[in-house]
Every structure is written in C-alpha cells, then in structure tokens.
Amino acid sequence: MFSIPEQFSNATKANLESQFALFSSLTNKAFEGVEKVVDLNLTAAKASLEESSAAAKQLLAAKDPQEFFTLSAAQAQPTAEKAIAYGRHLASIASGTTAEFSKAAEVQIAETNRKVISLVDEVSKNAPAGTENAVALFKSALNNANAGYEQFTKSAKAAAETLEANVNAAVNQFASAATVKK
C-alpha cells in the first residue's frame, strides 16, 4: 500500500509526462502542417514562374494589340482556377492539421482524466472515515468539469466545421464568378 503523498507524487510525475507527450505531439503536428504549407507554396511558386515565363513569351510574340488583349484575357481564367485550387488545398491542410490537433488533445485529455479518476478512487479507499462527502463532492466536480470540456469540444468542432464550410462556400462563389466572367 502506498502512502497518499507518494500517490500524489507519482500522479504528478505521470501528469507531467503526459503533458510533455501532448506538447511533443502537438509540436510535431504543427511542423507537419507548416511543412505541407511550405511545400504547397514552393510548388505554386515554381509553377507560377514557369507559367508567367511562358505567358510573357506569348504576349511578346503578339503581332497586334488585338491579339495581345485576346491572349491576356485567355490567361485570366486558368490563373483564377489555379488560385481557387490553391485556396482549397490550403484550406484542406489547415483543416487536416486542426483535426490532428483535436484528436491528439482529446486522446491526451481522456488519458489524463482516467488517471485523475483512478488516483481519486485509490486515495478515497485510504481516506479517513467521515471524508466520504468531500470525496463525493470532488468526484462530482471532476464529472462536471469533464462534461463542460466535452461540451466545449463539441462547440469547437462545430465552429471549425462551420468555418471550413464558409471557406469552401467562398471559394465556390469565387469559382462561379470566375466561370461566369469567362
């Protein structure tokens, strides 16, 4: 049988290790997201330079102003479509990274809650007589905090889904407007 201070010390150590694991996991997810955005930007920049060079050559080869303006107008549509695709890809990366953050945090928080409840159960077994009401109150407070966290998580997920839907709607509107002006 462990003493209560030793139980709390072990629980504190386990909690710190859990927090460090969460921080490491979230940091890795953040770097992965940044890496994807950098890769997207490099790819987009490279393609843009190549396409700009080809477009400039076409425009310089125009024989008259009418041909120049026709070529300019013809290049506007593909450029708008590429901007829309870039926006969608960027939104997809952001959405995926957010989902990974949420999943990692949820797993870690659930594990921490499990450990805290286990510690409370273990300590309450060794609690002095007459403290049953205090232990029950503490467990009730933990359950209420967990319920509040779950509600917050649901609200945050709904907000993220709404934001993603709004970004997709804006991109679709831009795509429609670009197609209509064609």
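Residues numbered from 1 in each chain as written. Predicted model: local features only at pLDDT ≥ 70, side-chain atom pairs only at ≥ 80, totals over all residues. Heavy atoms only, no water.

**Let's talk about the overall build of the protein**
Applied cut-off: We count a stretch as a helix when DSSP gives it H or I for four or more residues in a row; a strand needs E for two or more, and each element gets its number in order from the N terminus. Here the globule rule reads 2.2 Å times residues to the power 0.38, and the radius of gyration is calculated from C-alpha atoms. The buried label applies to any residue whose accessible area, calculated with a 1.4 Å probe on protein chains only, is under 20% of its type's maximum; exposed applies above 50%, and partly exposed to all values in between.
Helix and strand counts for the protein come out as three helices and zero strands. Along its sequence from the N terminus, the protein presents helices and strands in the succession α-α-α. A globule of 182 residues ought to have a C-alpha radius of gyration of about 16 Å, yet the protein, at 28 Å, is considerably larger. Once the C-alpha set of the protein is aligned to its principal axes, its extents read approximately 100 × 30 × 10 Å. For the protein, the proportion of its 182 residues judged to be buried stands at 15%.

**Some thoughts on a nonpolar patch on the surface**
Definition in use: Here, patches come from residues exposed beyond 30% relative accessible area and free of salt bridges, joined within 9 Å for like charges and within 5 Å for nonpolar side chains (Val, Leu, Ile, Met, Phe, Trp, Tyr). Methods summary: accessible areas were calculated by the Shrake-Rupley approach with a probe of 1.4 Å, and residue burial reflects only the protein chains presented. Salt bridge, as applied in this entry: a Lys or Arg side-chain nitrogen positioned within 4 Å of an Asp or Glu carboxyl oxygen.
There is a patch of nonpolar side chains on the surface, built from V34, V38 and L42 and spanning about 270 Å² of accessible area. You can see V38 is positioned in helix 1 (residues 4-60).

**Some remarks on the pattern of salt bridges**
With the rule as written, the count across this model stands at three salt bridges. Two residues, K82 and E51, come together in a salt bridge whose shortest N-O distance is 3.1 Å. A residue pair is termed long-range when its members are at least 10 positions apart, and K82 in helix 2 (residues 65-125) and E51 in helix 1 qualify at 31 residues. A relative accessible area of 36% places E51 in the partly exposed class. Residue E100 is joined to K103 by a salt bridge in which the shortest nitrogen-to-oxygen separation is 3.7 Å.

**With respect to helix 2**
Just so we agree on the cut-off: A helix is expected to reach a length of 1.5 Å times the quantity of its residues less one. Contacts described as polar in this section are N or O atom pairs within 3.5 Å, which, within protein, must combine one atom able to donate a hydrogen with one able to accept it, while residues neighboring in sequence count only if both atoms come from side chains.
Helix length check: helix 2, at 61 residues, gives a terminal C-alpha distance of 90 Å against a target of 90 Å (1.5 Å per residue), a fit within 8%. The opening residue of helix 2, the one whose side-chain oxygen lies 3.2 Å from the backbone nitrogen of Q66, is D64.

**Structural notes on the environment of L16**
Position of L16 among the secondary structure elements: in helix 1. Between the C-alpha atoms of L16 and A56, which are 40 residues apart in sequence, the distance is 59 Å.

**Focus: the packing of aromatic side chains**
The line we're drawing: Centre distance within 6.5 Å is the pairing criterion for rings of Phe, Tyr and Trp, where only the six-membered ring of Trp is used; planes under 30 degrees apart are then read as stacked, over 60 as edge-to-face, and the remainder as tilted.
Applying the stated rule across the entire model yields one aromatic pair. Ring geometry for F68 versus F69: centroids 5.5 Å apart, planes at 85°, classification edge-to-face. We classify F68 as partly exposed; its relative accessible area is 33%. Classification of F69 as exposed rests on a relative accessible area of 56%.

**Side note on the side chain of T97**
So the rule is basically this: Residue contacts are counted whenever heavy atoms from the two residues lie within 4.5 Å of one another.
By secondary structure assignment, the location of T97 is in helix 2. In this structure T97 comes out as buried when scored by relative accessible area, which is 19%. For T97, the residues in contact, after removing those within four places along its chain, are K29 and G33.

**Re the environment of A91**
With respect to the secondary-structure elements, A91 resides in helix 2. In sequence terms A91 and A127 are 36 residues apart; their C-alpha atoms lie 52 Å from each other.

Without other data, these values stay purely geometric and don't point to any function.
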